[in-house]
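Okay, here's what each chain looks like letter by letter:
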Amino acid sequence: MADFGRKVEADDARWLANQIAPLPDSFAKRVLAGRERRIKAQSGTEGLRAGNQWLVAQVSRLDRFALDLSASDDDIRAFAVECIDDVRSFLSALVVSDRSAVLRQLDDYAYRRAGFRWPSGAPLAAVTARMTDAGWWRRMLRKHIGRGVDQSARELGMVHRRAGLYCADETVRWHADQTRRNRMMLEGQEAVNQFGDTFGLDELADKGLAKAANRRADLMVRIRGFEDYAREHGHVGIFITWTAPSAYHPRTADGRANPRYIDGSTPRDAHALISRQWDKARAKLGHMGIHRYGFRVVEPHHDGTPHWHMLVFVAPENLDALVSVLAKYARAPEPQEMTTPAARRARFDFKLIDWKRGSAAGYIAKYIAKNIDGCGEAGPVGDDFEASGAQSTADTSARVRAWASRWGIRQFQQIGGPSVTGYRELRRLRHLTADGIPTDFHQVLQAANDGQWHHYVTGCGGIDTPRAERPLQLARHDAGRLNRYGEAAAPELIGVEWKGALVETRLYQWEIRKKAPQEAGKAGAARAPWTRVNNCTRTKSVHSRFSVIDGKSGGDPVFPPSLTTPHQHARASVHAHRH
C-alpha cells in the first residue's frame with residue numbers, strides 16, 4: 001500500500017510538472033499556490049479535484065501562444081527561422097493564383113504564430129517579403145510573447161500595488177536587459193560624415209532626447225511656453241484626468257479582483273478606447289470652432305490600465321463648452337457605470353488652474369517626471385501614490401518605462417500648436433547669422449534657438465492658424481530609395497520651408513559603422529559608400545541654403561543669391577510635404 005501511495009505521488013508530481021512546464025517560474029509558483037489553497041479549502045478528493053480543475057483552467061488560458069511564455073530570446077530566434085521555412089514551403093507549393101486566398105492564408109499563419117493581422121489591402125509582395133525576413137519575425141514574436149507574459153500576469157493577479165506595480169516583474173527585467181543591450185550597441189558604433197567628423201553613437205544619444213534629462217527639459221520648455229502664450233492672450237488652463245471604464249481594470253484600488261473586468265482586455269485596449277473618444281471629442285470641438293492647446297500624458301494605474309492627464313488651454317468664453325464636450329465623450333462608454341457623481345468624477349474630472357496659486361506647468365510637472373525618471377529639475381519629485389507604502393517615483397519610474405515600452409503606448413503628446421519637428425529643425429541652425437535673412441524668419445529662428453516656445457508659436461501664426469496655412473512647413477525630398485522590403489522608402493526630411501522657400505537643415509551624409517580597435521583607427525581604412533542615415537549640424541562653417549519650392553524649375557530665390565544653394569539642379573526633385 002505504501003508503494004502504491006508513492007506511485008500516486010510520483011504520478012501526481014509528473015502531471016503537475018507537465019502542466020506548468022510552459023509557464024515562467026513566477027507564474028508556475030502562483031498557479032501552484034492557488035491550487036494548494038483550493039485543495040485545503042475542501043477535504044479529501046473533492047479538494048484535490050477542485051484544485052486540479054482550477055490549475056488546468058488557468059494553464060489552458062495561459063497556453064494560447066505558439067511559444068511558451070517561458071521562451072528565451074534564443075527560442076524566439078530559432079522559432080523565427082521555423083516560421084520562415086514554413087512560409088517558404090507554402091509559397092513554393094502554391095498552385096493557385098488567387099492573391100486574396102494566398103493573403104488570407106498568410107494572414108492566418110501570422111496571427112497563429114505572432115498574433116499579427118495584416119491590414120486590409122496589404123500588397124502580397126510586401127507581405128511575403130516580411131514573412132520571409134528573420135528580423136521581422138523576431139520583432140513580432142518578441143512583442144507578442146512579451147505582451148502575452150504581461151497580460152497573463154495581470155489576469156493572474158500579479159500586477160497591482162501589492163504585487164508587481166504597473167507591469168510584471170518579467171517585463172521590468174526584459175526592459176532593463178534591452179536597455180543594456182541597446183547601450184552596448186551604441187557604445188560599439190560610431191557615425192562619420194563626408195568631412196571625416198566622427199562621433200560615438202552613445203555620445204550622440206546622450207546629447208539628444210534619448211537622455212532622460214534632455215527629454216524632460218524639452219517637454220517642460222514647451223509646456224511653459226504654452227502657459228506663457230495663454231497668459232499673454234488671456235486664456236485659461238484646466239488640468240484634466242480621463243480614466244478608462246472600470247470594466248477595463250482587472251483589479252480594484254485595494255488590489256482585489258474586479259468583478260466587472262472584461263476578461264482579456266489589455267492596456268492597449270483601454271488606451272485605444274480613450275483615444276477613440278478623444279478623437280470624437282476633438283472633431284466635435286473642431287466643428288464648433290473651439291481651439292485648444294496643451295499636453296497629454298498617459299500613465300498606468302497600479303494594475304497597468306492606462307489613464308490620461310491633460311493640461312489644456314482655451315479661450316475663457318469656450319471653457320464650459322470644452323468641458324461639456326470632453327465629459328460627454330469620456331463618460332459615454334459603459335454608461336451603466338455612471339450612476340453616481342463619484343463614478344462620473346472617477347471617469348472624467350478637471351481642475352481650473354488658478355494663476356495666483358502657481359503655474360500651470362507645476363500641475364503636470366510631476367506626471368512628466370514620473371513617466372521619465374522620477375526626477376525634476378531639483379531631484380526626485382516625491383513618492384508614487386499608486387504604490388503600496390512609501391516608494392519614490394525615482395524607483396517606480398523604471399516600471400512605468402517598462403510598461404510603456406511593452407505595450408507600445410506613447411506617453412507624451414502635444415495638443416495643438418505648430419510643429420515641434422520644425423522647431424527642432426530650426427535649432428540645428430543655431431549658428432546662422434541674421435545677415436540677409438528676412439526679419440520674420442530670423443525672429444522665429446531666434447525663438448527656437450533660445451528655447452522660447454511661446455514666441456515660436458506666435459511667429460508660426462499662433463494657435464488658431466490652420467496647419468496647412470502656417471508659414472513654417474516641413475520639407476522632404478524623395479530620393480527614390482527602396483526599403484529592405486523593396487518598397488518605396490518614405491521621403492527624407494531635409495529641412496523646413498518658410499513661406500515657400502527651402503531652408504536646408506540636414507546638410508551632412510552619415511555612415512554608421514562599428515568602432516575600429518583604437519590602434520587601427522589611424523590607418524585610414526577604406527570607407528563604405530556614404531549613406532544619409534542621420535543628420536546633425538556641424539559646429540563649423542555652418543550655413544543655410546535657401547531656394548524656392550513651388551514645383552517650378554529655375555524660379556528666382558526668395559532670399560539673397562549669396563545664400564542660395566549651389567545645387568540648383570536638384571531643385572526639381574525636392575518636394576515640400578506639408579505637415
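Position labels on residues start from 1 in each chain and follow its written sequence. Reporting in this predicted model follows two pLDDT cut-offs: at least 70 for local features of residues, and 80 or more for side-chain atom pairs to be given and counted; totals over whole chains, interfaces and linings ignore these cut-offs and use all residues. Hydrogen atoms and water are omitted, and side-chain values are computed over all heavy atoms in the structure.

Engineer: Please clarify how the sheet that holds strand 5 (residues 306-314) should be interpreted in this entry.
Structural biologist: As a general point, the strands of a sheet are linked pairwise by backbone hydrogen bonds and lie either parallel or antiparallel. Strand pairing is assigned whenever DSSP detects at least two bridges linking the two strands. Going along the chain from the N terminus, every DSSP run of H or I of four or more residues is numbered as a helix, and every run of E of two or more is numbered as a strand. The 5 strands lie next to each other as 6-3-5-4-9, forming an open sheet whose pairing is antiparallel. Looking at the sheet topology across the chains shown, the edges are occupied by strand 6 (348-352) and strand 9 (412-415). Each strand of the sheet is rotated relative to its neighbour by a mean of 15°, with strand direction disregarded. Helix 10 (residues 212-232) contacts strand 4 (292-300), strand 5 and strand 9 of the sheet and is inclined by roughly 145° relative to strand 4. Residue contacts follow a heavy-atom distance rule, with two residues in contact if any of their heavy atoms lie within 4.5 Å. Axis definition: a line fit to C-alpha positions, over the contact stretch in the case of helices; interaxial angles, taken between N-to-C directions, run 0 to 180 degrees. Helix-sheet contacts for helix 11 (residues 267-287) involve strand 3 (236-243), strand 4, strand 5 and strand 9, and the interaxial angle to strand 5 is about 20°.

Engineer: So what exactly am I meant to see when it comes to the sheet that holds strand 2 (residues 198-200) here?
Structural biologist: Reading across from one edge, 2-1-13 is the order of the 3 strands in this open sheet, with antiparallel pairing throughout. Edge positions in the open sheet fall to strand 2 and strand 13 (510-514), since each of these has one partner strand only. Taking the axes of each pair of neighbouring strands and ignoring which way they run, one obtains an average angle of 25° across the sheet. Bridging between strand 1 (residues 189-193) and strand 2 involves 3 bridges; their strand directions are antiparallel.

Engineer: Could you clarify how one ought to interpret the confidence of the model for the protein in this entry?
Structural biologist: Any residue range with low pLDDT should be treated as having predicted coordinates unsuitable for detailed reading. Confidence of the predictor at the level of single residues is given by pLDDT, which spans 0 to 100. Mean pLDDT over the protein works out to 85, with 87% of the residues at or above the 70 mark. Confidence, expressed as mean pLDDT per element, reaches its minimum in the protein at strand 15 (residues 574-575) with 33 and its maximum at helix 12 (residues 319-330) with 98. Across residues 4-8, where pLDDT falls below 50, the model places 0 contacts with residues more than four positions away in sequence or in other chains. Low pLDDT, under 50, characterises residues 519-579; the stretch is placed with 119 contacts to residues that sit more than four places away or in other chains.

Engineer: Is there a simple way to explain helix 4 (residues 73-92) in this structure?
Structural biologist: Each full turn of the α-helix corresponds to 3.6 residues, which orients residues three or four apart in the same direction. By this rule the span expected of a helix is its residue count minus one, scaled by 1.5 Å. Helix length check: helix 4 (20 residues) gives 29 Å between terminal C-alpha atoms against 28 Å at 1.5 Å per residue, within 8%. All buried positions along helix 4 are accounted for by Ile76, Phe79, Ala80, Cys83, Ile84 and Val87. The arc enclosing the buried residues of helix 4, seen along the axis, measures out at 150°, which places them on a common side. Of the exposed residues in helix 4, those oriented more than 90 degrees away from the buried face are Asp74 and Ser92. On its buried side, helix 4 packs onto helix 5 (99-114), helix 6 (124-131) and helix 7 (134-155). Only protein chains enter the calculation, and the probe is 1.4 Å; a residue is then buried if its accessible area is under 20% of its type maximum, exposed if over 50%, and partly exposed in between. The arc in question is the one spanned by the directions pointing from the helix axis to the C-beta atoms.

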